[in-house]
Amino acid sequence: MFSISDYTKEIISTGILLLIVILLRVIVSKLIRRYAKLSEIIERRTNLVVKYIHLLINIIAIFTLIVIWGVQTKDIFITISSITTVLGIGLFAQWSILSNISSGIILFFSFPFKIGDVIKIHDQDFPIEAEIEDIKAFHVYMKTKEGEMITYPNNLLLQRGISIINRSSNSEQEFQD
């Protein structure tokens with residue numbers, strides 16, 4: 001039979017870990033929101049990046065909990081390798097999804113253009129000139145002069161050359177200041 005006193009060290013370590021996770025999530029969220037406010041990034045994009053980072057913090061915390069509670073290292077590696085294999089096989093077919101998520105995060109932090117900017121995408125086969133309507137995690141919505149709505153993947157925005165034809169009024173004020 002077990003008693004709580006047998007697991008005092010693990011319980012205290014778990015409590016400390018939970019406090020660290022909560023503090024880390026709050027601090028990271030505030031830092032990202034401050035950066036987004038200074039960069040005038042829209043709130044939806046900021047929330048998306050915060051959600052990704054919280055997910056990463058949670059995954060690290062789960063692995064830390066596994067170590068705290070004494071799961072054998074051999075068992076952890078077997079489980080991780082099994083999960084990684086299944087995810088690798090499943091996501092290999094979906095590499096474009098991972099590529100778009102990564103590109104969305106890169107676009108968030110580098111932020112080369114904003115909603116309202118008119119851009120020209122230098123694609124040899126399908127050149128596009130359109131106004132950016134919305135920027136999402138996986139793609140960008142754009143509207144051409146003819147009124148055609150285009151959904152363009154984020155990973156292609158990083159792979160193609162882009163010219164900013166007209167900046168939105170918010171962007172123009174930034175360059176004048």
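The model shown is predicted, which means the values in this text are computed figures rather than measured ones.

J.: Sorry, what's going on with the nonpolar core here?
T.: For soluble globular proteins, the rule of thumb is that nonpolar side chains tend to be buried together. By size, the foremost hydrophobic cluster in this structure holds 13 residues, and its most contacted members are Phe113, Ile119, Ile121, Ile128, Ile132, Met142 and Leu157. Sort the elements by how many residues they give to this core and strand β2 (residues 128-135) lands first, with 4 residues. Apart from residues lying up to four places away in sequence, Ile128 is in contact with Ile119, Lys120, Ile121, Met142, Ile150 and Tyr152. Membership of the second largest hydrophobic core comes to 10 residues, among which are Val21, Val28, Ile32 and Ile57.

J.: I keep staring at the pairing of strand β1 (residues 118-122) and nothing clicks. Help me out?
T.: On any regular strand, side chains alternate: one points to one face of the sheet, the next to the other face. Across 4 bridges, the pairing between β1 and β2 is antiparallel. Note that in β2 the partner of Ile119 across the bridge is Ala130. Hairpin connection from β1 to β2: 5 residues lie between these consecutive antiparallel strands. Pairing geometry for β1 and strand β5 (residues 161-166), over 5 bridges, is antiparallel. Residue pairing across strands places Ile119 opposite Ile164, the latter belonging to β5.

J.: Honestly, the side chain of Ser29 in this entry has me stumped. Any pointers?
T.: In this structure, Ser29 sits in helix α1 (residues 8-39). Residues within four places of Ser29 in sequence aside, it is in contact with Val50 and His54.

Parameters and conventions
- Residues numbered from 1 in each chain as written.
- Predicted model: local features only at pLDDT ≥ 70, side-chain atom pairs only at ≥ 80, totals over all residues.
- Heavy atoms only, no water.
- Core = buried A, V, L, I, M, F, W, Y, C linked by side-chain atoms within 4.5 Å.
- Buried < 20%, exposed > 50% of the residue type's maximum accessible area, 1.4 Å probe, protein only.
- Helix = DSSP H or I, 4+ residues; strand = E, 2+ residues; numbered from the N terminus.
- Contact = heavy atoms within 4.5 Å.
- Pairing = 2+ DSSP bridges.

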